[in-house]
Amino acid sequence: MDNMKLDIRKAEQFLPAGAITALQPQVKAAHEALEQGTCKGNDYLGWLHLPTQTTETFLAEVQNVADTLRKQCEVVVVAGIGGSYLGARAVIEALGNSFAWLQRDDKNPTIVFAGNNIGEDYLSELTDYLKGKRFGIINISKSGTTTETALTFRLLKKQCEEQRGKDEARNVIVAITDAHKGAARAAANKEGYKTFVIPDNVGGRFSVLTPVGLLPIAIAGFDIRRLIAGAQDMERDTALNIPFSENPAAIYAAVRNALYKEAGKKIEIMVNYQPKLHFISEWWKQLFGESEGKEGKGIFPASCDFTTDLHSMGQWIQEGERSIFETVISVETPNRQLLFPHDEENLDGLNFLAGKRVDEVNKMAELGTRLAHVDGGVPNIRISIPTLNEYYIGRLIYFFEIACGISGNVLGVNPFNQPGVEAYKKNMFALLNKPGYEADSKAIKERLQSEQ
Ligand code: PA5
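Nothing here was measured: the structure is a model prediction, and the numbers come from that model.

Undergrad: Help me out: how do you make sense of the domain arrangement of the protein in this one?
TA: One frequently used descriptor of interface size is the decrease in accessible area upon assembly of the parts. The assigned domain composition of the protein is domain 1 (5–38 + 230–411) and domain 2 (51–222). Here domain 1 and domain 2 have C-alpha centroids that lie 30 Å from each other. On the side of domain 2, 22 residues touch domain 1, which itself brings 24 residues to the contact. Contact with domain 2 buries area across many residues of domain 1, yet K276, F279 and Q286 alone supply 32% of it, more than any other trio. Among the salt bridges present, the one from E290 reaches R205, with a minimum N-O distance of 3.0 Å. Viewed at the interface, domain 2 and domain 1 are joined by seven residue pairs in polar contact (both at pLDDT 80 or more). Of all the elements, helix α13 (residues 278–292) adds the most residues to the side of domain 1 that touches domain 2, at eight residues. Among the residues making up the side of domain 1 that touches domain 2, the classes are represented as eleven nonpolar, four polar and nine charged.

Undergrad: I would appreciate a short explanation of helix α9 (residues 183–191) in the present structure.
TA: Restricting attention to buried positions, one finds in α9 the residues A184, R185, A188 and E191. The buried residues of α9 occupy an angular sector of 145° when projected down its axis, which confines them to one face. Exposed residues on α9 whose side chains face more than 90 degrees from its buried face are N189 and K190. Where α9 is buried, its residues contact β4 (135–141), α7 (147–164), α8 (166–171), β5 (173–177) and β6 (194–197). Looking one or two places after α9, you find G192, whose phi comes out positive at around 80°.

Undergrad: What is the right way to read the site of the ligand from this model?
TA: Taken together, 13 residues lie around the ligand, and S84, S141, S143, T146 and Q286 are the ones closest in. Contact distances for the ligand include 3.4 Å between an oxygen atom and a backbone N or O atom of G204. Within the side chain of Q286, an N or O atom sits 2.5 Å from an oxygen atom of the ligand. Relative to its unbound accessible surface of 390 Å², the ligand loses 87% to contact with the protein. A breakdown of the residues in the shell around the ligand according to their chemical character gives one nonpolar, nine polar and three charged.

What counts and how
Residues numbered from 1 in each chain as written. Predicted model: local features only at pLDDT ≥ 70, side-chain atom pairs only at ≥ 80, totals over all residues. Heavy atoms only, no water. Domains from an automatic or database assignment. Contact = heavy atoms within 4.5 Å. Buried area = accessible area lost by both parts, 1.4 Å probe. Salt bridge = Lys/Arg side-chain N within 4 Å of Asp/Glu carboxyl O. Polar contact = N/O pair within 3.5 Å; in protein donor to acceptor, adjacent residues only side chain to side chain. Helix = DSSP H or I, 4+ residues; strand = E, 2+ residues; numbered from the N terminus. Nonpolar A, V, L, I, M, F, W, Y, C, P; charged D, E, K, R; others polar. Buried < 20%, exposed > 50% of the residue type's maximum accessible area, 1.4 Å probe, protein only. Arc of directions from axis to C-beta. Near = heavy atom within 4 Å. Areas by Shrake-Rupley, 256 points an atom, 1.4 Å probe, with all protein chains shown as cover.

So, in structure tokens, the structure goes:
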């Protein structure tokens, strides 16, 4: 079977000879520490063998619930933020029609994402959009207390109950949360919602292959069994017993750490040439950013959609500070075929492209950009997948997860916590006079006054 391929040749040339080989023992030790559960954050390793531990019975249960919502809802709102949101959105957008949100599809409910911001216009427009619609809600929050999601859920639950009645609403609201703790669990238990548990040992950004990602993906009409099959195969292909030279995750982790440490490359730009992959990059940014950016260390994960962003960020990438490298996700063959037509008048001068596939032009843009950026001093890592389907997306997801676990350990940080995320929350709660934050409220108000 065709496979995902990793090409590091255009990155290696920017490194001193032997730099990657020198990192191999550290990569091996980091991978062993994950496997043996001796690494930092070892209480969050539930994702490591999640694909091969996922049973058919479990997938059938998820699919069952998905089928119920598919039958009973024309719109399903997925409420969640960060790891409770990005994975589902990444997969659904990568596999779906680019214009799905504009056209009503009789077979599949429209999936809408919310609970990931506090924009009053957004929420107000959402409630307008949902008026009169048969909508359901998936309330996703591991902690069950995240403000953005809880606030959205409160608004939508009320609207759903008003529009469908409390009894019917109960059948189209699902909670995905902790087994015991948090407000989302309390509400689900009280109202009798169907629930799925986010395992304690799986952190948010590693949870896309749990119901957090699987349920919305199945509701959107995609094959979760193929997604898991892809992840399972990648779990086997990146196992500890696979030699370094054949293990793409170990190689990717080594190259990015070598570029960071040996070549001063502090920013990794995830690049795609298919707009559908925009949210794969967003998911990847969270995975690596929240896992590695701590203790004053970590590559900054950025992203660009090409060729679109070549007309905005291309100049910076070509000639700006040489602190960046690119990782390109390339899709070998698009799912659809579109040929350029011949035009008798040829007013646009494009007849030299007549009869060619659009993708042929895209691929030349990719190659041309790669050569130009490498000439401009930007190392290039290329990850290619044969086509966009559930199986290869599943492979890609597990590849990045395991690479991230290894890479964070090579960097020497705990990849599985996010202590820095609490700082803004503490200030926000203090400013909003949340009960329990009285001392912080007083301190922050005094500080703001003194800064005026
Ligand atoms: O990766 C993480 O743990 C975070 O990004 C969380 O997913 C995010 O903060 C949402 O948290 P919760 O699911 O508890 O609402």
